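Here are the chains, one letter per residue:
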Amino acid sequence: AQTVTQSQPEMSVQEAETVTLSCTYDTSENNYYLFWYKQPPSRQMILVIRQEAYKQQNATENRFSVNFQKAAKSFSLKISDSQLGDTAMYFCASLGDAGNMLTFGGGTRLMVKP
Amino acid sequence: GAGVSQTPSNKVTEKGKYVELRCDPISGHTALYWYRQSLGQGPEFLIYFQGTGAADDSGLPNDRFFAVRPEGSVSTLKIQRTERGDSAVYLCASSPGTRGTEAFFGQGTRLTVV
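Residues numbered from 1 in each chain as written. Chains lettered and ligands numbered in written order. Predicted model: local features only at pLDDT ≥ 70, side-chain atom pairs only at ≥ 80, totals over all residues. Heavy atoms only, no water.

Asks: Whenever I open this one, the nonpolar core confuses me. Can you help?
Replies: In summary, soluble globular proteins display a tendency toward joint burial of nonpolar side chains. Residues Trp-36, Phe-75, Leu-77 and Tyr-90 of chain A are the most contacted members of the largest nonpolar core, which totals 24 residues. At the level of secondary structure, the elements contributing two or more residues to this core comprise β3 (19-21), β5 (32-39), β6 (46-52), β8 (64-69), β9 (74-79), β10 (88-96) and β12 (108-113) of chain A. Of all hydrophobic cores here, the second largest spans 21 residues; its members include Phe-91 and Met-101 of chain A together with Tyr-35 and Phe-105 of chain B. (Core = buried A, V, L, I, M, F, W, Y, C linked by side-chain atoms within 4.5 Å. Buried < 20%, exposed > 50% of the residue type's maximum accessible area, 1.4 Å probe, protein only. Helix = DSSP H or I, 4+ residues; strand = E, 2+ residues; numbered from the N terminus.)

Rendered as structure tokens:
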């Protein structure tokens, strides 16, 4: 079984600043995938970034990057140059190689302030 | 359509009634997932289809919940004898079926049982 924990229920950041959202996970599998999803008020989950556990290099996607610490089972998301449109719920999720479904954390509500 | 479509967007029903929630996945996606998201929480897995068959239904909470995907495309989640505790957002996602690929989500159906 996999578990995902997000310890920050709410975060806020000033527009154009940088913010880091934390995520820890637990898995007994050797290979797995990690994701960050964004959920705006429209409810639709939108993929922000994806990391394959066997890749040591941290994934980046424009203003979004991750700090993947495999030994510590940590997968934080860094948002640079925060924009008002980044305001949303952010969910960390894992996908085991042996399983088929995503396991989500409890989410972090991010507010970007003008 | 280009994305995953879920209908209805919102559903209010009386306790004890039967409801059906529909999901139209992205054309060609063989994998389809249902998740349930309670207020203030992350989505929780309900059931996974690969083609027409339910490959994993371990997340269904009890036998009042059932889902079908008869032609390997559209899926219907059925809830019998609804209870107030069933109130949640029901999310559907589809993916090409390749391990570790992105799951694309619909906007969900908000079910309210009164």
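Asks: It is not clear to me how the packing of aromatic side chains should be interpreted in this structure. Could you clarify?
Replies: A ring pair, where both rings are aromatic, is described by two values, the distance of the centres and the angle of the planes. All names here are of chain A. Considering all chains together, one arrives at 13 aromatic pairs over all chains under this definition. Measuring from ring centre to ring centre gives 6.3 Å for Phe-91 and Phe-104, while their planes differ by 90°; the resulting arrangement is edge-to-face. Of this pair, Phe-91 sits in strand β10 while Phe-104 sits in strand β11 (residues 103-104), and the two are 13 residues apart along the sequence. For Phe-104, a relative accessible area of 9% puts it in the buried group. (Phe/Tyr/Trp six-rings, centres within 6.5 Å; stacked < 30°, edge-to-face > 60°.)

Asks: Would you take a moment to explain the state of the cysteines for this structure?
Replies: The bond known as a disulfide is covalent and runs between the sulfur atoms of two cysteines. Residue and element names in this part refer to chain A. If you walk through the whole model with that rule in mind, you get 2 disulfides over all chains. The residue that forms a disulfide with Cys-23 is Cys-92, at a sulfur-sulfur distance of 2.0 Å. Negative torsions about the S-S bond denote left-handed disulfides, and the value of about -70° found for Cys-23 with Cys-92 makes this one left-handed. Placement of the pair is Cys-23 in the loop between β3 and β4 (24-26) and Cys-92 in strand β10, with a sequence separation of 69 residues. (Disulfide = S-S within 2.5 Å.)

Asks: I tried to follow the pattern of salt bridges on my own but got confused; where do I start?
Replies: When the charged atoms of two side chains with opposite charge come close together, those side chains can pair. By the definition in use, this model includes 7 salt bridges over all chains. Residue Arg-50 of chain A is joined to Glu-52 of chain A by a salt bridge in which the shortest nitrogen-to-oxygen separation is 3.2 Å. Looking at Arg-50 of chain A, the relative accessible area reads 28%, which means it is partly exposed. Overall, Glu-52 of chain A belongs to the buried group, its relative accessible area being 12%. A salt bridge links Asp-86 of chain B to Arg-64 of chain B, with the nearest nitrogen and oxygen atoms 2.8 Å apart. (Salt bridge = Lys/Arg side-chain N within 4 Å of Asp/Glu carboxyl O.)

Asks: I tried to follow the interface of chain A and chain B on my own but got confused; where do I start?
Replies: Taken together, the contact between chain A and chain B spans 21 residues of the former and 25 residues of the latter. Each partner contributes to the roughly 1900 Å² buried at the junction of chain A and chain B, and carbon and sulfur atoms together form 50% of this total. Three residues, Arg-43, Asn-100 and Met-101 of chain A, lead the burial of chain A against chain B; their summed loss comes to 36% of the area buried on that side. Summed over the shared surface of chain A and chain B, the number is 0 salt bridges. Secondary structure elements with two or more residues in the side of chain A that touches chain B: β5, β6 and β10 of chain A. Along the lines of polarity and charge, the residues of the side of chain A that touches chain B split into 10 nonpolar, 8 polar and 3 charged. (Contact = heavy atoms within 4.5 Å. Buried area = accessible area lost by both parts, 1.4 Å probe. Nonpolar A, V, L, I, M, F, W, Y, C, P; charged D, E, K, R; others polar.)

Asks: Where do I start with the pairing of strand β3 (residues 19-24) of chain B in this structure?
Replies: Residue and element names in this part refer to chain B. Because side chains alternate across β3, one face comprises the buried residues Val-19, Leu-21 and Cys-23, and the other comprises Glu-20, Arg-22 and Asp-24, none of which is buried. As paired elements, strand β1 (residues 5-7) and β3 share 3 bridges and run antiparallel to each other. Considered in β3, the bridge of Thr-7 is made with Arg-22. (Pairing = 2+ DSSP bridges.)

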